[in-house]
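So you can see what is in the structure, the chains are spelled out below.
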Amino acid sequence: MPAPTPSQTVGPFYGYALPFPHGGDVAPTGHPDTITLHGYVFDGAGKPVPDALIETWQPAPDGTRAGVPGSLRGDPVSGRPVGRDGVAFTGFGRVPTDADGHWAVRTLPPGGVSYVSLAVFARGLLHHLYTRAYLVDEPGDPLLAGLDAERRATLVARSEAPRTYRFDVHLQGADETVFLEFPADSA
């Protein structure tokens, strides 16, 4: 059997096909419990990454994980994702960073867990990176409990204004975010 084709670096071509209109609008429009999760992506030198892409996944406030069918399927006329109707909670967000490396999603507090899961796509990466943005520092969480205080702090979002949390992603360096590794499928 031939060897698998080697990986190539990801991007920086995100602005062309991956972002979609209202990709950061996970919560229904005008929902009173809406929170904003935002931050910056920084490279190993501490410089902002202007062409990264952040995906978020989370359960609904009631803990269900189904999301809305069609959240990524585009309407052939408008190009707007079918599941993004401004009414239904999608559980999924996808946003690019801006010229300053900033990203933001409007969502609802996750049910059953205290975090929002993130995937980070950026130039120079062979594979996207997974992490979590904890909205509270939850002592009983097994992942957080297994980290020393300094590393643990890279996973906990800072509460800013009411209902606003800041979570910066550091791809390398002294403040590198804790990234998660999932075992390869053994099939």
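These notes cover the structure that comes with them.

### Regarding the sheet that holds strand β2 (residues 53-57)
1) Next: The four strands lie next to each other as β3-β2-β5-β6, forming an open sheet whose pairing is antiparallel. With partners counted over all chains shown, the strands left at the sheet margins are β3 (92-96) and β6 (129-134), one partner each. Along the sheet, successive strands turn relative to each other by an average axial angle of 25 degrees, direction set aside.
2) Next: Where β2 lies against β3, five bridges are found, and the strand directions are antiparallel. Within β3, the position partnered with L53 by the bridge is P96.

### Points about the packing of aromatic side chains
1) Next: The final tally for this structure, using the stated rule, is four aromatic pairs.
2) Next: When the ring of W57 is compared with that of F92, the centres are 6.2 Å apart and the planes differ by 45 degrees; the resulting orientation is tilted. With W57 in strand β2 and F92 in strand β3, the pair connects residues that are 35 residues apart, well separated along the chain.
3) Next: On the accessibility criterion, F92 (10% relative accessible area) is buried.
4) Next: Pairing W57 with Y130 gives two aromatic rings, centres 6.4 Å apart and planes at 35 degrees, and the pair type is tilted. Of this pair, W57 sits in strand β2 while Y130 is found in strand β6, placing the two residues 73 residues apart along the sequence.
5) Next: W57 sits in the partly exposed class, given a relative accessible area of 31%.

### What to know about the pairing of β2
1) Next: Burial of β2 is extensive: four of the five residues sit out of reach of the surface.
2) Next: Relative to strand β5 (residues 115-121), β2 is paired through five bridges, and the arrangement is antiparallel. Along β5, the bridge assignment pairs L53 with F121.

Conventions and cut-offs
- Residues numbered from 1 in each chain as written.
- Predicted model: local features only at pLDDT ≥ 70, side-chain atom pairs only at ≥ 80, totals over all residues.
- Heavy atoms only, no water.
- Pairing = 2+ DSSP bridges.
- Helix = DSSP H or I, 4+ residues; strand = E, 2+ residues; numbered from the N terminus.
- Axes fitted to C-alpha atoms, helices over the stretch in contact; angles between N-to-C directions.
- Phe/Tyr/Trp six-rings, centres within 6.5 Å; stacked < 30°, edge-to-face > 60°.
- Buried < 20%, exposed > 50% of the residue type's maximum accessible area, 1.4 Å probe, protein only.

Scope: geometric values only; no functional claims are made or implied.
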